[in-house]
Amino acid sequence: MGWVEILLKRSCDKTLTKSEVLHSLFHMIEINENTLNQIQLDKREFGPELEELKQTEIKDLNFHLKYYRSLVNYINSIPENKMIKQV
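All figures in this text were calculated on a predicted structure; none of them were measured in a lab.

**Points about a nonpolar patch on the surface**
- A cluster of nonpolar side chains, namely F46, L50 and L53, defines an oily patch on the protein surface of about 300 Å² accessible area.
- Looking at where L50 falls in the secondary structure, it is placed in helix α3 (residues 48-77).

Below, the structure written as structure tokens:
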């Protein structure tokens, strides 16, 4: 979680750059994709209660992936000249 602390400290010091925000989002996408893949590839039988929990977790991860990807698309759509310039 060191990267989170670095981003938080940096965001307190000054505004994050577009590339820093995108880098963070891509990292979150990667983490969520890896977790989703691990859950989906686990073929063990845990019973109906845990299967329901597994499906809920899959839905949550898919939601977060869509959210992070939409943020990436939105941020990429902002023209550079509309970004706040660092002093």
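Let us keep going from here.
**A short note on the pattern of salt bridges**
- What the rule picks out here adds up to 2 salt bridges.
- For E33, the salt bridge identified is with R69, shortest N-O distance 2.2 Å. A residue pair is termed long-range when its members are at least 10 positions apart, and E33 in helix α2 (residues 18-41) and R69 in helix α3 qualify at 36 residues.
- On the basis of relative accessible area, R69 is assigned to the partly exposed category, the value being 36%.
- When the shortest N-O distance is used, the salt bridge between D42 and R44 registers 2.6 Å.
- D42 sits in the partly exposed class, given a relative accessible area of 22%.
- According to the relative accessible area criterion, R44 is exposed, its value standing at 54%.

**Concerning α2**
- The end-to-end C-alpha distance of α2 is 34 Å, a good match for the 34 Å that 24 residues give at a rise of 1.5 Å each.
- Those residues of α2 not exposed but buried are K18, E20, L22, S24, L25, I29, N32, L36 and I39.

Parameters at a glance
Residues numbered from 1 in each chain as written. Predicted model: local features only at pLDDT ≥ 70, side-chain atom pairs only at ≥ 80, totals over all residues. Heavy atoms only, no water. Patch = residues over 30% accessible without salt bridge, like charges linked within 9 Å, V, L, I, M, F, W, Y side chains within 5 Å. Areas by Shrake-Rupley, 256 points an atom, 1.4 Å probe, with all protein chains shown as cover. Salt bridge = Lys/Arg side-chain N within 4 Å of Asp/Glu carboxyl O. Helix = DSSP H or I, 4+ residues; strand = E, 2+ residues; numbered from the N terminus. Buried < 20%, exposed > 50% of the residue type's maximum accessible area, 1.4 Å probe, protein only. Expected span 1.5 Å × (residues − 1).

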